[in-house]
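# Structural features, examined
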Amino acid sequence: VESGNAGLQASAADLQAAKLSAQAELAQDYYLLRVADAMKKLLDDTVAAYEKSLQLTKNQYAVGVAARADVVIAETQLKSAQAQAVNVGVQRAQLEHAIAVLIGKAPAEFSIAEIKFNPTLPDIPVGIPSELLERRPDIASVERSAAAANAKIGVTQAAFYPDLTLTASAGFQSSSLTKWLTFPSRFWLLGPALSQIIFDGGLRRAQTEQAMAVFDQDVANYRQTVLTAFQEVEDNLASLRILEQEAQLQDEAVKAARDSVAITTNQYKAGIVSYINVVNVQTIALTNERTALTIVGNRLTAAVMLVKALGGGWNASELNDVASASPAARREPTSQ
């Protein structure tokens, strides 16, 4: 019974693990879709800016200030930006289809409208208590599996002892119909019935050793799962911390690149530099803008994975419920 109850709790934890994994994947796909929307808007704005640059180059060429090569370069740059904008649509469509499947809808019948994306990362407490890991369903599952294996050791050890059954029965026993109603035909049985296998060729001892080996294996899996949980938490905490620093530096790089584009464009209008200088700084600016959005996506993904690694979040109310909510905290004394 004890082993069965532990196995039931382990199965319930497995179900919660699958649910948490699906929820994390859904959140991650949604954030990446919104990053794709922001990337599409960036490229659309870039296309608009390149169209103005192309028109400027054509005007410069018309008055004999710019060469025909400058016009061709501007056209090439514009077409390249347009192609990149179209390519983002492929990634967005795939993410949209993945979200549809996760929520149980046909991809052809589901769509998500584009909106202005202003990502806000969750505020992470300075000190996250390790007790939150007790809510992780995979940890609860392997802990309950170990408890079930431990209880089965007691089952195999009990097989060494005699099987004692207390019975009480009454009835009639006769080989002749004419003696059914006489008192000697009545039989009574009240007391223990004792049975024991004298020789089993070492089967019961081998079964006990096997149960102990299974228990040791489950304990090792439990310890490894806990260590992996700590690693996942630390990995994502480190990712969020490092990506925050990278995002700050990248924002400064984006600002400098934009200033460079403005300065170089004015120099081109004044005839100080060639158009190839404008193309170079515009390419650098676009690359930095796209990198900044990629970092945003990485930060959002790391935040989702941290929530998953902690079993679903880190609210104070959830922390207070850890002891009463986790299958590990509800465990009963085991047989060994």
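## Observations regarding the pattern of salt bridges
- Overall, the coordinates contain ten salt bridges when judged by the stated rule.
- Lys255 is the salt-bridge partner of Asp259, the closest N and O atoms lying 3.5 Å from each other. Pair noted here: Asp259 and Lys255 are both in helix H4 (residues 203–269), with a separation of four residues, about one helical turn.
- Across the pair Arg258 and Glu289 runs a salt bridge, and its minimum N-O distance is 2.6 Å. Placement of the pair is Arg258 in helix H4 and Glu289 in helix H5 (residues 275–309), with a sequence separation of 31 residues.

## Focus on the packing of helix H1 (residues 2–62) against H5
- Close contact between H1 and H5 brings their axes to 9 Å; oriented N to C, the two are set at 170 degrees. The angle between the axes of H1 and H5 places the two elements in the roughly antiparallel class.

## Some points on the layout of surface pockets
- Roughly 490 Å³ of internal volume is contained in the largest pocket.
- Surrounding the largest pocket, 20 residues form its lining, Ala38, Lys41, Leu42, Phe117 and Leu293 being those nearest its centre.
- At the level of secondary structure, the elements contributing two or more residues to the lining of the largest pocket comprise H1, H4 and H5.
- Here the lining of the largest pocket gets seven residues from one element, more than from any other, and that element is H1.
- Of the residues that constitute the lining of the largest pocket, the class distribution is nine nonpolar, one polar and ten charged.

## Looking at the nonpolar core
- Membership of the largest hydrophobic core comes to 24 residues, with the highest contact counts inside it found for Met39, Leu43 and Tyr275.
- Every element with two or more residues in this core is listed here: H1, helix H2 (68–102) and H5.
- No other element matches the nine residues that H1 contributes to this core.
- Of all hydrophobic cores here, the second largest spans twelve residues; its members include Leu132, Leu133, Ile139 and Ala309.

## Thoughts on the side chain of Gln282
- Positionally, Gln282 belongs in helix H5.
- At 3.0 Å, the side chain of Gln282 and the side chain of Gln77 are in polar contact.

## Some words on the packing of aromatic side chains
- In total, this model carries two aromatic pairs according to the counting rule given.
- With a centroid separation of 5.2 Å and 65 degrees between ring planes, the pair formed by Tyr268 and Tyr275 is classed as edge-to-face. When sorted by exposure, Tyr268 lands in the same class as Tyr275, which is buried.

## What to know about the confidence of the model for the protein chain
- Taken residue by residue, the protein chain gives an average pLDDT of 80. The fraction at 70 or more is 77%.
- Across the protein chain, H2 holds the top mean pLDDT of 93, while helix H7 (residues 322–325) sits lowest at 44.
- Every residue in residues 177–183 scores below 50 in pLDDT, and together they form five contacts with partners more than four places removed in sequence or on other chains.

## Considerations on the side chain of Asn288
- Residue placement: Asn288 occurs in helix H5.
- A polar contact is formed between the side chain of Asn288 and the side chain of Gln250, at a distance of 2.9 Å.
- For Asn288, the residues in contact, after removing those within four places along its chain, are Gln250, Ala253, Val254 and Ala257.

Each value, and the rule that gives it
For every chain, the first residue of the written sequence is number 1, and numbering continues from 1 onward in sequence order. Thresholds applied to this predicted model are a pLDDT of at least 70 for local features of residues and 80 or more for the giving and counting of side-chain atom pairs; totals over whole chains, interfaces and linings are not thresholded and use all residues. With hydrogens and water set aside, each side-chain value is computed from the structure's full complement of heavy atoms. In what follows, salt bridge is the name for a side-chain nitrogen of Lys or Arg lying within 4 Å of a carboxyl oxygen of Asp or Glu. Helix and strand assignments come from DSSP, with helices taken as H or I runs of at least 4 residues and strands as E runs of at least 2, each series counted from the N terminus. In this analysis an axis means a line fitted to C-alpha atoms, helices contributing only their contacting stretch, and an angle means the value between N-to-C directions, from 0 to 180 degrees. By definition in this entry, angles of less than 35 degrees are roughly parallel, angles greater than 145 are roughly antiparallel, angles of 65 to 115 are roughly perpendicular, and the rest are oblique. In this analysis a 1.4 Å probe is tested at points of a 1 Å grid over the protein atoms alone, and where it fits but cannot get out there is a cavity; an open set with protein on both sides within 12 Å along at least five of seven lines is a pocket; lining residues have an atom within 4 Å of a point. Grid points are joined across faces, edges and corners, and a volume is the space filled by probe spheres set on the points. Under the scheme applied here, ten amino acids are nonpolar (Ala, Val, Leu, Ile, Met, Phe, Trp, Tyr, Cys and Pro), four are charged (Asp, Glu, Lys and Arg), and all others, including Gly, are polar. We define the nonpolar core as a collection of buried residues of types Ala, Val, Leu, Ile, Met, Phe, Trp, Tyr and Cys that are connected through side-chain atoms lying within 4.5 Å of one another. Accessible area is worked out with a 1.4 Å probe on protein chains only. A residue is then buried under 20% of its type maximum, exposed over 50%, and partly exposed in between. Here a polar contact is taken to be a pair of N or O atoms separated by no more than 3.5 Å, where protein atoms must pair a possible hydrogen donor with a possible acceptor and residues adjacent in sequence count only if both atoms sit in side chains. By convention, a stacked pair of Phe, Tyr or Trp rings (six-membered ring in the case of Trp) has centres within 6.5 Å and planes under 30 degrees apart, an edge-to-face pair has planes over 60 apart, and any other such pair is tilted. Every residue is assigned a pLDDT by the predictor, reflecting its confidence on a scale from 0 to 100. Here, residues are in contact when the closest pair of their heavy atoms is within 4.5 Å.

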